[in-house]
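Observations on the model geometry
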Amino acid sequence: MSDALFQSVSRAFPNLQFFSEESLVHHTYMKSGGCAEVFVSVKNSNDLEKLSMWCIKQNVPLTILGGASNVLVPDEGLRGLVIKNVSTTIQVRHDKEFSVIIADSGVPTNLLVRRAINEELEGLEYFLGVPGSVGGAVYNNSHYMNQLIGEHVTEVEIVEKKTGKKKSVVHSQIHFAYDYSLFHETHDVILRVHFTLKKGKKDELERRAKEATVKRATTQPLGIPSSGCMFKNGIFADGSIAHAGKLIDLAGLKGFRIGDAVVSDKHANFILNLGGATTHEILAVAKHVQDVVQQKYGVELDREVFLLKD
């Protein structure tokens, strides 16, 4: 199918440059996995919208990558079209009490947060230093401590996966929860996100942002390929929160290694790629961690990191 798909999509979108069998190792934080059957980068949400609609209409498997900080690519690669979304448009609309930031889904989360701080708008400052893009952050309702990014989302513009049509959904329809949004079920393509924020004081926003980035730098293994926290927090039998990193540490699993995939010595909820880890090895380490924690503490740890599929 590769040649036929390449020719078909190239004819439909002659203004874009497509690649066959593009390695996705260079397009993800974890630096593992296989190739995209056909790959393209888009620099604006209009191209993302049109390509998504075309794929849905043509029944072509579609995968969207933003920052790709919270995903794993199978070693077998991905069929169909893989779109690398690098759109970066941000608009700001000021009102007396609240302001709205409209960000393309490909905007790096850091760029969005920095823009909000510069506009003296509060609510997003704790997310400075969070890797990935706006689309991924909203898809998974990114969190920092007790802060959830979905709390500030009022509207999301999407291409609906089941119809291929563009529409908007509002906060109440998205059902945000811990590491969850309705997009986990619908797999709609996120085009733009509207954040409603209130005025703040820039020096206080800068202080909070610095506090968050320093905490990450001192507690997380930054600079080594990973996908961030591998597991969500679990629940003990009594209903209390079971912090994944703490349980993995207590289980003596820091440093557990298969091939080049290893549990971090700095933060036990991180699995690192030391250079040549395959996705299979990373998942094998994750499975071992889950089994040991379940056996020792009776806690089931669910993966926070997504394994991409066709």
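Refer to the preceding data block for the structure.
The paragraphs below set out a description of the structure included in this document. (Residues numbered from 1 in each chain as written. Predicted model: local features only at pLDDT ≥ 70, side-chain atom pairs only at ≥ 80, totals over all residues. Heavy atoms only, no water.)

Moving on, we come to the packing of aromatic side chains. Throughout the structure, instances matching the rule amount to three aromatic pairs. The interplanar angle of 15° and the centroid separation of 6.2 Å between the aromatic rings of Y126 and Y144 together place this pair among those described as stacked. Here the residue Y126 occupies a position in the loop between β8 (121–122) and α4 (134–139), and Y144 occupies one in strand β9 (residues 143–144), the gap between them amounting to 18 residues. Exposure remark for Y126: the relative accessible area of 18% places this residue in the buried category. On the basis of relative accessibility, which here comes to 11%, the residue Y144 falls in the buried class. An angle of 75° between the planes, with centres 5.5 Å apart, marks the rings of Y139 and F306 as edge-to-face. Linking Y139 in helix α4 with F306 in strand β20 (residues 306–307), this pair joins segments that are 167 residues apart in sequence. (Phe/Tyr/Trp six-rings, centres within 6.5 Å; stacked < 30°, edge-to-face > 60°. Helix = DSSP H or I, 4+ residues; strand = E, 2+ residues; numbered from the N terminus. Buried < 20%, exposed > 50% of the residue type's maximum accessible area, 1.4 Å probe, protein only.)

Let's shift gears to the sheet that holds strand β1 (residues 18–23). The mixed open sheet is built from four strands, whose spatial order is β1-β2-β5-β3. The open sheet is flanked by β1 and β3 (62–65), the only strands paired with a single partner. Neighbour to neighbour, the strand axes of the sheet diverge by 35° on average, direction disregarded. Looking at chain direction, β3 and strand β5 (residues 78–85) are connected through four bridges and run parallel. The partner of L62 across the bridge, within β5, is L81. Across the sheet, helix α1 (residues 2–12) lies against β1, β2 (35–42) and β5, angled at about 140° from β1, the strand it touches most. Its contacts with the sheet put helix α2 (residues 45–58) on β1, β2, β3 and β5, and the angle it makes with β5 is roughly 165°. (Pairing = 2+ DSSP bridges. Axes fitted to C-alpha atoms, helices over the stretch in contact; angles between N-to-C directions. Contact = heavy atoms within 4.5 Å.)

If you look at the biggest cluster of nonpolar residues, it comprises 34 residues, and the most contacted ones within it are V138, V156, F183 and F195. Of all the elements in the fold, those that place two or more residues in this core are β7 (98–104), α3 (109–118), α4, β11 (153–159), β13 (189–199) and α7 (202–219). Beyond its immediate sequence surroundings of up to four residues, V138 is in contact with V153, V156, F176, S181, F183, I190, V193 and F195. One finds L253, A268, I282 and V293 within the second-largest nonpolar core, a separate group that totals 24 residues. (Core = buried A, V, L, I, M, F, W, Y, C linked by side-chain atoms within 4.5 Å.)

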